[in-house]
Amino acid sequence: MKIATWNVNSIKARLPMVLEVLKTIDCDVVCLQEIKCETDAFPYMEIEELGYNCAVHGQKTYNGVALLSRHPLEDIVKGLPENEGDDQARYVEALVLADRPVRVGALYLPNGNPAPGDKYDYKLSWMNRLLTHAEAQLKLEEPFVLAGDYNVIPRDEDCWDIAVWRDDALALPETRAAFRKLKWLGLTEAYEATDGRAHEYSFWDYQGGAWQKGHGIRIDHLLLSPQAADRLEKVEIFKKAREMEKPSDHVPVIAELAD
């Protein structure tokens, strides 16, 4: 089973490119972030023609997540638990009914800038709610994957120059500590476990020739429960997507689990 996470930065603006990438990577499950459209406006027909079932939690203009699966979806959940008062569409989860079912959560974690400030407080609060949810899911002792744009640079070597990013909300000590707490629950970060090389990125800004200069950061992650991590075989960062016409500033990160 191949599970991908990808921030598409507006699925309507980039639909031809998104469809081409989906055909190329040929994944069983794809978690999309920043679809930037309301749930009813999602391009279901075009995506379903590729063989995917869709669970979508959209929002006009901003945010929005979608879970695409070549297998039936069951027990769909939109929004994190304890989500009262939070109208931002940042999480959708479902049980993927493959031969060996896997529960997958697609997430778009808040950016948090400028920090300090209300936006950073929201980021840390959201991460704390994610921690509580992950802890509850782990008690079920089932294969579970949390895949998405975490807006977290876990290590200095996960960016092109830490001096540039040190004071950014993506790399602040409190951000990294919250991410480590997730892993300390017993979750495995897929790239770190299978590759872990320094200076491999999943995001390059549109500004300043970042892609051409190799000025990237790694902020798109898949965290796996022990039952899913036992099946983890490899991870690929599909950089070719960044070279395409009208690309997203992120590229897919793909984890492969043994059948």
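We now turn to the structure provided with this report. (Residues numbered from 1 in each chain as written. Predicted model: local features only at pLDDT ≥ 70, side-chain atom pairs only at ≥ 80, totals over all residues. Heavy atoms only, no water.)

## Observations regarding the overall build of the protein chain
Counted only if it meets this: Labels follow the DSSP assignment, with helices taken as runs of H or I lasting at least four residues and strands as runs of E lasting at least two, numbered in each case from the N terminus. In this description the radius of gyration comes from C-alpha coordinates, and the expected globular size is given by 2.2 Å times residues to the power 0.38. Note on areas: Shrake-Rupley with a 1.4 Å probe; residue coverage comes only from the protein chains shown. Positive charge is attributed to Lys and Arg, negative charge to Asp and Glu, and no charge count is given to His or to the chain ends. In this description, the location of a charge corresponds to atom NZ of lysine, CZ of arginine, CG of aspartate or CD of glutamate.
Helices and strands together make up the secondary structure of the protein chain, namely 8 helices and 14 strands. Here the protein chain has a C-alpha radius of gyration of 17 Å; the compact-globule value for 259 residues is 18 Å, and the two agree. Carbon and sulfur atoms form 46% of the exposed surface of the protein chain, whose accessible area is close to 11,200 Å². Between the centroid of the 30 positive side chains of the protein chain and the centroid of its 44 negative side chains there is a distance of 3 Å.

## Thoughts on helix 3 (residues 118-138)
The condition that has to hold: Every helix has an expected span of 1.5 Å times one less than the residues it contains. The classification of residues rests on relative accessible area computed with a 1.4 Å probe and restricted to protein chains. Under 20% of the type maximum is buried, over 50% is exposed, and intermediate values are partly exposed.
With 21 residues, helix 3 extends 30 Å from end C-alpha to end C-alpha; this agrees with the ideal 30 Å at 1.5 Å per step. Residues Tyr-120, Lys-123, Trp-126, Met-127, Arg-129, Leu-130, Leu-131, His-133, Ala-134, Gln-137 and Leu-138 constitute the buried set of helix 3.

## As for the state of the cysteines
Under the convention used in this document: Whenever a pair of cysteine sulfur atoms sits within 2.5 Å, that pair is classed as a disulfide.
In total, this model carries 0 disulfides according to the counting rule given. Free of any disulfide, Cys-37 has its nearest cysteine sulfur in Cys-54, 11 Å distant. Cys-37 gets classed as buried once you look at its relative accessible area, which sits at 3%.

## Describing the nonpolar core
For clarity, the threshold we go by: We call a set of buried Ala, Val, Leu, Ile, Met, Phe, Trp, Tyr and Cys residues a nonpolar core when their side-chain atoms join them within 4.5 Å. It only takes one pair of heavy atoms within 4.5 Å for two residues to be counted as in contact.
In terms of nonpolar packing, the biggest core is built from 61 residues, with Ile-11, Leu-32, Phe-42 and Leu-68 touching the most fellow members. A total of 7 residues in this core trace back to one element, the largest contributor, which is helix 1 (residues 15-25). For Phe-42, the residues in contact, after removing those within four places along its chain, are Ile-11, Leu-32, Ile-35, Cys-37, Ile-47, Cys-54, Val-56, Ala-66 and Leu-68.

## A few points about the pattern of salt bridges
Two side chains of opposite charge can pair, provided their charged atoms sit close to one another. For clarity, the cut-off: In the sections that follow, a salt bridge refers to a side-chain nitrogen of Lys or Arg positioned within 4 Å of a carboxyl oxygen of Asp or Glu.
For the structure shown, the criterion picks out 15 salt bridges. A salt bridge links Arg-103 to Glu-142; the nearest nitrogen and oxygen atoms lie 2.7 Å apart. Highlighted residues: Arg-103 in strand 7 (residues 102-108) and Glu-142 in the loop between helix 3 and strand 8 (144-149), separated in sequence by 39 residues. When its relative accessible area of 9% is taken as the criterion, Arg-103 is described as buried. The salt bridge involving Glu-189 is made with Arg-218; its shortest N-O contact spans 3.2 Å. Of this pair, Glu-189 sits in strand 9 (residues 188-189) while Arg-218 sits in the loop between strand 11 (216-217) and strand 12 (220-224); the two residues are 29 residues apart in sequence, bridging distant segments of the chain. Given a relative accessible area of 3%, Glu-189 falls into the buried group. Taken together, the shared-partner salt bridges in this structure form one network comprising Arg-155, Glu-157, Asp-158, Glu-189 and Arg-218.

## A short note on the sheet that holds strand 1 (residues 2-7)
Short version of the rule: One requirement defines pairing of two strands: DSSP has to find at least two bridges between them. In this description, a line fitted to the C-alpha atoms serves as the axis of each element, helices being fitted only across the stretch in contact, and the angle between N-to-C directions of two axes falls anywhere from 0 to 180 degrees.
What the 6 strands build is an open sheet, ordered 3-4-2-1-14-13; its pairing is mixed. Both outer strands of the open sheet, strand 3 (53-57) and strand 13 (232-237), are each paired with one neighbouring strand and no more. Geometrically, the sheet is characterised by an average inter-axis angle of 15° between neighbouring strands, direction not taken into account. Across 4 bridges, strand 1 lies against strand 14 (residues 253-257) in antiparallel orientation. Paired with Thr-5 across the strands is Val-253, a residue of strand 14. Taken strand by strand, helix 1 contacts strand 1, strand 2 (29-33), strand 4 (65-69) and strand 14, and its axis lies near 160° from that of strand 1.

## Quick look at the side chain of Glu-189
Let me state the cut-off plainly: Throughout this description, a polar contact denotes any pair of N or O atoms lying within 3.5 Å of each other; where both atoms belong to protein, one of them has to be capable of donating a hydrogen while the other can accept it, and for residues adjacent in sequence the pair is counted only when both atoms sit in side chains.
A distance of 3.2 Å separates a polar atom in the side chain of Glu-189 from a polar atom in the side chain of Arg-218. When near neighbours in sequence (up to four residues on either side) are disregarded, Glu-189 contacts Phe-179, Lys-183, Arg-218, His-221, Leu-222 and Leu-223.

## Regarding the sheet that holds strand 7
Judged by pairing direction, the sheet is mixed, and its 6 strands sit side by side in the order 5-6-7-8-12-9 without closing on themselves. The sheet terminates laterally at strand 5 (73-78) and strand 9, the two strands that pair on one side only. Across 6 bridges, strand 6 (residues 91-96) lies against strand 7 in antiparallel orientation. For Ala-94, the partnering residue across the bridge sits in strand 7 and is Val-104. On the sheet, helix 3 packs against strand 6, strand 7 and strand 8 and is oriented at approximately 15° with respect to strand 6. Against the sheet, helix 5 (residues 173-184) engages strand 9 and strand 12, with an angle of about 30° to strand 12.

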